[in-house]
Amino acid sequence: MRDFANKSFPKRRSGGAPGSVFVLLAAAVVLSALLLLFEGPPVGALKDRGEGGRSRPGDGAARLSAVPAGTGEPAADGAAGRGGRTAGDPPGAAASQDLAAAGFVAVPQGPHGGPGVPDLKVATFIIKRNDSIYSILSGLGVEAAEIAKITRSARRIYDLRRIKAGDELRVVKRGERVERLEYRYDELEGLYVERAGQGRFEAGSYEVPHEIGHKVVSGVVETSLYEAGVEAGAAPKAVVAMTDIFAWDVDFATDMRRGDTFRILYETVAVEGEIIRMGRVLAAELVNAGRRYTAVYYEDGKGRGGYYDTEGRSLSRTLLKSPLRYSRISSYFSRKRFHPILKKYRPHHGIDYAAPAGTPVEAAGDGKVVFAGWRKGYGYFVKIRHNGIYTTGYGHFSRIARGVKRGARVRQGQVIGYVGSTGISTGPHLHYEVVYRGRLVNPLSIRSTPKRSVSKDERARFEARRDELLARLHGAPTVVASVKGGGGEGVN
Ligand SMILES: [Zn+2]
């Protein structure tokens, strides 16, 4: 151990880990290395084991017994190894701890390296900001040609020239040769590169064992749905997803009332008992001003998923009810309005949404940009043609979003610009107008019809799924495994 440990790179030894700490870390690394080497591979097989598939107790356990007692506390692996990081962590912060300082560690070999017991050494790094695969591997004494071979074989799975700060990289060496390299580029997926003989390397991906769970959150709106949702313990993304689902029916900028209630059921993804991200919203319910809106997620026979009301009508329509979230209407559509700057009565053929300068504005529907630029009183203005019937316009932007120019295609919900006060305007707001069949109409009066409904022959299947989801939605709120640390639920 001494040789190799001393060979670890000085710059990685931030804070100069004292000997005892080093040994403990080393033990953790050793243990996880053994797990990695003997429990996991062929790692490619992990994929076939399916979700939540954990280790098998076979040879892994047998080999592990070779580790001298007391070297590796399983807890140490949990804390320092995979699963130690949650998505909520700032990149590279907590995770970089001292693991990177551990450098290389010799794998203990029971009764002095008998025949067939490999002389393996493992190093684990948390990538830092200026690290590259080249700097790390060459720091380990790997030759440039070898590094090139490794990155080339990896490219099909992941481009190692793009390793990200905060991610974890493991290198296993036998003597001076790299035997294996692992890079977990995602909480749920990683790359491995393995020596395959004749100087070749083979790459593949592995899936991190995880469990899909469910969570139900409900609450009462005091100020905004967003705040109420987060306060009740929902993942912020789940709350945003809910506003997306109901965007056609409820204008979250203007319609929410104190006392409105919501309920939401969504999937969670957990690794080693920790929720690392939310999955899909499966069902949601909103009672707004006494009116109940319900959505269930349903995948039809062709595998197309979408949100439907309880009657099986699709909730997605042609235009969003509002191109802004969390703002308020400061001026309504009117044929005759006293203009605050021009000081005379003029029609106001749109809706003004007051919002802080810089608030992102979304395209109300899929479409094509037919104007993007300066237009007199409108200031920076964007106009989108959605189809043969609808066109929408957005005025007074402080700035038009990059890529939004004449002829460009935009998607519904795509940010097209930012609230400002350009043109004739008294303060930051969005002027939003809708042209329906060539005529400016009141955006608030648009009641578009659902795109499609569940087909007759799928009706029974839909209803079974709906009832199942609604029963779960209305079951007792579930508490899913708590998350350690103060970061709350991991949401990225
Ligand atoms: Zn206006």
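Placed above this text is the structure.
A brief look at the structure comes next. (Residues numbered from 1 in each chain as written. Predicted model: local features only at pLDDT ≥ 70, side-chain atom pairs only at ≥ 80, totals over all residues. Heavy atoms only, no water.)

Time to look at helix 8 (residues 144-154). By the burial criterion, the buried members of helix 8 are Glu 146, Ile 147, Ile 150, Thr 151, Ser 153 and Ala 154. Buried positions in helix 8, seen along its axis, are confined to an arc of 165° and lie on one side of it. Of the residues in helix 8, the exposed ones pointing more than 90 degrees away from the buried face are Ala 145 and Arg 152. Elements that come into contact with the buried residues of helix 8 comprise helix 7 (133-139), strand 4 (177-184), strand 5 (189-197) and strand 6 (200-207). (Buried < 20%, exposed > 50% of the residue type's maximum accessible area, 1.4 Å probe, protein only. Helix = DSSP H or I, 4+ residues; strand = E, 2+ residues; numbered from the N terminus. Arc of directions from axis to C-beta. Contact = heavy atoms within 4.5 Å.)

Moving on, we come to the sheet that holds strand 20 (residues 399-400). Across the sheet, three strands lie side by side as 16-22-20; this open sheet has antiparallel pairing. The sheet terminates laterally at strand 16 (360-362) and strand 20, the two strands that pair on one side only. Where strand 16 lies against strand 22 (residues 415-418), three bridges are found, and the strand directions are antiparallel. Residue pairing for strand 22: Glu 362 is matched across the bridge by Val 415. (Pairing = 2+ DSSP bridges.)

Protein ligation of the zinc ion involves His 348 (NE2), Asp 352 (OD) and His 431 (ND1), the donor distances falling in the range 1.9 to 2.2 Å. Considered as a linear motif, the donors of the zinc ion on their single chain read H-x3-D-x78-H. Of the two residues, His 348 sits in strand 14 (residues 345-348) while His 431 sits in strand 23 (residues 429-436), which places them 83 residues apart along the sequence. The same class applies to His 348 as to His 431, namely buried. (Donors = N, O, S within 2.8 Å, 3.2 Å for Na, K, Ca; no water.)

On to unusual backbone geometry. Where the residue is not glycine, phi is negative for most of them; where a peptide bond is considered, it is trans in most cases. Even without glycine at this site, Lys 376 takes up a positive phi of about 30°. Relative to the assigned elements, Lys 376 resides in the loop between strand 17 (367-374) and strand 18 (380-385).

As enumerated under the stated definition, the model contains 14 aromatic pairs in all. Three or more aromatic residues link up through ring pairs in this structure, and these residues are Tyr 158, Tyr 183 and Tyr 185. One cation-aromatic arrangement involves Arg 375 over Phe 371; the distance from NZ or CZ to the ring centre is 4.4 Å. (Phe/Tyr/Trp six-rings, centres within 6.5 Å; stacked < 30°, edge-to-face > 60°. Lys NZ or Arg CZ within 6 Å of the ring centre and 35° of its normal.)

Turning our attention to the side chain of Arg 170. Its place among the elements puts Arg 170 in strand 3 (residues 168-174). The class for Arg 170 is buried, based on a relative accessible area of 5%. Polar contacts involving the side chain of Arg 170 include one to the side chain of Glu 168, which spans 3.0 Å. (Polar contact = N/O pair within 3.5 Å; in protein donor to acceptor, adjacent residues only side chain to side chain.)

Our focus in this paragraph is a positive patch on the surface. A cluster of basic side chains, namely Lys 368, Arg 385, Arg 406 and Arg 409, defines a positive patch on the protein surface. For Arg 406, the position within the fold is in the loop between strand 20 and strand 21 (409-410). Judged by its relative accessible area of 70%, Arg 406 falls in the exposed class. (Patch = residues over 30% accessible without salt bridge, like charges linked within 9 Å, V, L, I, M, F, W, Y side chains within 5 Å. Areas by Shrake-Rupley, 256 points an atom, 1.4 Å probe, with all protein chains shown as cover. Salt bridge = Lys/Arg side-chain N within 4 Å of Asp/Glu carboxyl O. Lys, Arg positive; Asp, Glu negative; His and termini not counted. Charge placed at Lys NZ, Arg CZ, Asp CG, Glu CD.)

In this section: the pattern of salt bridges. Under the criterion given, the structure shown has 25 salt bridges. Between Arg 161 and Asp 159 there is a salt bridge, with the nearest N and O atoms lying 3.0 Å from each other. Arg 161 gets classed as exposed once you look at its relative accessible area, which sits at 59%. Here Arg 459 makes a salt bridge to Glu 311, at a shortest N to O gap of 4.0 Å. With Arg 459 in helix 11 (residues 459-473) and Glu 311 in the loop between strand 11 (305-308) and strand 12 (328-331), this pair connects stretches of sequence that are 148 residues apart. Here the residues in one salt-bridge network are Glu 146, Lys 149, Arg 177, Glu 179 and Arg 195, joined through shared partners.

Honestly, that's just the spatial picture; any functional story needs more than this.
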